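Fold and geometry: a report
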Amino acid sequence: MAGPAGDWPEAAAATSARSVLGGYRTYARRWVFLLVISLLSYSNATLWLSFAPVADTIARHFLLSTEQINWLSLVYLVVSIPSGVVAIWVLDSVGLRWATTLGAFLNFSGSVIRSIPCMAIGIQDPFVLLLGGQSLCALAQTLVIFSPAKLAALWFPEHQRATANMIGTMSNPLGILVANLLSPILVKTEEDIPLMLGTYILPAGLAFLLATACLWESVPPTPPSAGAAQSTSLSFLAGLKLLTRNKAYIILAVCFGGGIGIFSSFSALLEQVLCVNGYSSEFAGLCGAFFIAFGVLGAVALGLYVDRTKHLTEAIKIGLCLTSLACVAFAVVSQLQGQPVALAAICSLLGFFGFSVAPVAMELAVECSFPVGEGAAAGLVFVLGQAEGVLIMVLLTSLTVRHAEPSVSTCRDGQGPLDWKVPMLLMAGLCVLFSCLLVLLFHTPYRRLQAEADASPSIQEDERPGTATTLDHVPYLAATP
């Protein structure tokens with residue numbers, strides 16, 4: 001396989017002495033670090049979509065247009081693409097602690113700035129402050145999204161990495177779910193908007209306080225595994241060069257990045273697709289909630305399974321194939337009227353299979369690119385996914401046409417319902433294409449696990465004095481080139 005194989009055996013061999021001399025240790029404070037990153041990711045997601053569920057009320061209160069309200073969410077997508085590369089450098093070069101603290105500061109500052117129009121009198125253009133605050137939160141997003149894979153690699157032993165990655169990664173969609181449910185509850189009238197903005201400041205402020213007070217170092221004094229000992233052993237530019245020559249990584253990044261783009265488009269267009277055939281916005285919101293809630297459950301189940309078996313490649317291939325089947329089912333059933341139960345079940349399955357593979361894909365990106373830094377390995381997949389999301393969104397919306405005949409539409413744009421049949425079939429086709437490419441073309445050895453096996457037996461010590469246990473290394477290693 002074409003890839004960074006040239007430097008990898010030497011890096012693996014360099015770790016073997018450590019297991020003999022001193023062993024590896026795990027520290028209880030790794031869970032505090034995971035809590036901070038999870039809370040930060042949760043808060044950032046709630047700030048992203050807090051305006052969308054109550055867009056009409058926000059627009060009336062601040063005298064804004066629908067397009068301006070949409071930009072309060074779209075700015076995340078626009079900012080994340082150029083800022084993603086900078087975030088990768090910060091994570092791999094400056095360190096996880098400072099990257100997390102910076103992200104928490106930007107997130108908290110943005111949450112406060114966007115609340116100023118409700119706190120101050122005589123603001124001439126509240127949109128500037130609202131968009132400015134959202135932009136700072138958007139800058140924090142890339143630091144937040146890229147962190148779980150690096151935290152899992154640096155602080156957690158091999159048998160807990162996928163679980164830690166899953167917890168940190170799934171905190172983001174959990175925040176999206178809470179924002180969709182909480183904003184309509186908090187905002188009944190325009191007078192409730194300050195309450196909503198203040199409520200979302202609380203987790204952002206808590207995350208900043210914990211990041212400042214409780215995070216003391218980017219890496220533990222003693223690494224938890226051989227893979228952690230060699231983390232970011234390459235320079236930033238050297239790592240990027242190796243990634244561009246790594247065939248397996250490129251296939252994973254393109255295919256899973258396409259999946260990210262499809263899921264972003266699905267989330268954004270769900271209400272517009274369903275309203276054409278008479279489904280209410282409340283039902284569309286319920287389907288979106290099922291989509292995320294079952295996705296979190298699927299991620300928990302698959303994360304625990306992968307930590308125990310290390311069947312990363314099999315898990316992502318099977319998961320994407322099942323996601324494709326659910327996507328095809330949605331493309332067909334969403335064009336039918338009077339199928340609420342079927343649609344709710346399909347959205348639940350789509351989230352269950354699709355979201356569950358996200359933490360696995362991040363782990364697999366690190367495995368197939370080791371010893372490239374985890375920030376680069378996971379971050380570039382996300383940046384590519386955001387770029388593909390923009391292209392897919394533009395493509396799908398450009399293929400819509402107005403309905404030529406009367407319908408049972410509940411859409412509120414006042415311009416007549418759109419026909420989403422061709423765009424939805426195209427979305428399903430792209431999902432099938434990306435899944436097939438990954439199944440047929442993606443093959444890789446698990447480089448990090450192999451390095452840890454070569455360093456066996458390693459001693460995993462708890463932070464409490466006097467406790468040490470020898471862990472058996474995972475016997476399963478995908479060695480197919």
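In this text the structure is predicted, and so the values were computed from the model without any measurement. Note on numbering: residues in each chain are counted from 1, in written sequence order. Totals for whole chains, interfaces and linings use every residue, but because this is a predicted model, local features are given only for residues with pLDDT of at least 70 and side-chain atom pairs only at 80 or more, for both listing and counting. Excluding hydrogens and water, the side-chain values take into account all heavy atoms of the structure.

Notes on the nonpolar core
Within this scheme, the nonpolar core is defined by two criteria: the residues are buried Ala, Val, Leu, Ile, Met, Phe, Trp, Tyr or Cys, and they are joined through side-chain atoms within 4.5 Å. Buried means the residue's accessible area, taken with a 1.4 Å probe over protein chains only, is under 20% of the maximum for its type, while exposed means over 50%, and partly exposed covers the values in between. Among the nonpolar cores identified, the biggest contains 135 residues, and M196, F256, L274, I316 and F330 are the most heavily contacted of them. Strands are runs of DSSP state E lasting at least 2 residues, helices are runs of H or I lasting at least 4, and numbering of each runs from the N terminus. Counting residues per element, this core draws most heavily on helix α13 (residues 247–275), at 16 residues. Counting contributing residues per domain, this core is built from domain 1 (28–217) and domain 2 (233–449), each supplying no fewer than three. Once you skip the residues sitting within four places of it in the chain, M196 turns out to touch S50, F51, V54, I58, S183, L186 and V187. Domain extents, as shown, originate in an automatic or database domain assignment. Contact definition: two residues touch when any of their heavy atoms are within 4.5 Å.

Thoughts on the packing of aromatic side chains
Any Phe, Tyr or Trp ring, taking Trp's six-membered ring, that has another such ring centre within 6.5 Å forms a pair; planes under 30 degrees apart are called stacked, those over 60 apart edge-to-face, and the others tilted. Throughout the structure, instances matching the rule amount to 14 aromatic pairs. Considering the side-chain rings of F263 and F355, the 5.7 Å spacing of their centres and the 90° angle between planes classify their relative orientation as edge-to-face. Note that F263 is positioned in helix α13 and F355 in helix α16 (residues 340–369), a separation of 92 residues in sequence. Given the relative accessible area of 14%, F263 is considered buried. Exposure remark for F355: the relative accessible area of 16% places this residue in the buried category. Consider the rings of F291 and F355, whose centres lie 5.1 Å apart with planes at 55°: the pair is tilted. One end of the pair, F291, is in helix α14 (residues 281–309); the other, F355, is in helix α16, and 64 residues separate them in sequence. Here F291 matches F355 in class, with each residue buried. One aromatic cluster in this structure is built from F263, F266, F291, F330 and F355.

What to know about the confidence of the model for the chain
As a per-residue measure, pLDDT tells how confident the predictor is, with possible values from 0 to 100. This prediction gives the chain a mean pLDDT of 81; 85% of its residues lie at or above 70. In the model, residues 1–22 has pLDDT below 50 throughout and makes 47 contacts with residues more than four positions away in sequence or in other chains. A low-confidence stretch, residues 458–481 stays under pLDDT 50, and its non-local contacts, those more than four residues away or across chains, total 60 contacts.

A look at the packing of helix α3 (residues 30–49) against helix α10 (residues 193–214)
With axes taken as lines fitted to C-alpha atoms, and helix axes fitted only over the stretch in contact, angles between N-to-C directions fall between 0 and 180 degrees. Close contact between α3 and α10 brings their axes to 9 Å; oriented N to C, the two are set at 150°. Accordingly, the angle class assigned to the pair α3 and α10 is roughly antiparallel. Taken as a pair, α3 and α10 cross one another with a handedness that is left-handed. In this structure, α3 contributes V32, V36, L39, L40, Y42, S43, T46 and L47 to the contact, and α10 contributes Y200, P203, A204, L206, A207, L210, A211 and C214. Angle categories are assigned with fixed cut-offs, so that under 35 degrees is roughly parallel, over 145 is roughly antiparallel, 65 to 115 is roughly perpendicular, and the rest are oblique. Crossing handedness is read from the near helix: turned anticlockwise from the far helix by less than a right angle, it gives a left-handed crossing, and turned clockwise, a right-handed one.

A closer look at unusual backbone geometry
The bulk of non-glycine residues show a negative phi, and the bulk of peptide bonds are trans. For L63, which is not a glycine, the phi torsion comes out positive at approximately 55°. Position of L63 relative to the elements: it lies in the loop between α4 (55–62) and α5 (66–94). For L63, a relative accessible area of 75% corresponds to the exposed category. The phi dihedral of K310 falls on the positive side, at around 60°, and the residue is not glycine. Tracing the backbone through its elements, the reader meets K310 in the loop between α14 and α15 (312–333).

What to know about empty space enclosed by the protein
Only protein atoms enter the 1 Å grid, on which a cavity is a set of points fitting a 1.4 Å probe that cannot get out and a pocket is an open set with protein on both sides within 12 Å along at least 5 of 7 lines, lining residues being those with an atom within 4 Å of a point. Grid points are joined across faces, edges and corners, and a volume is the space filled by probe spheres set on the points. Applying the stated criterion to the full structure yields three cavities of 30 Å³ or more. Along its surface, the largest cavity is lined by R29, V32, F33, W155, C214, L215, W216 and E217. Charged means Asp, Glu, Lys or Arg here, nonpolar means Ala, Val, Leu, Ile, Met, Phe, Trp, Tyr, Cys or Pro, and polar covers whatever is left, Gly included. Of the residues contributing to the lining of the largest cavity, the split by class is six nonpolar, no polar and two charged.

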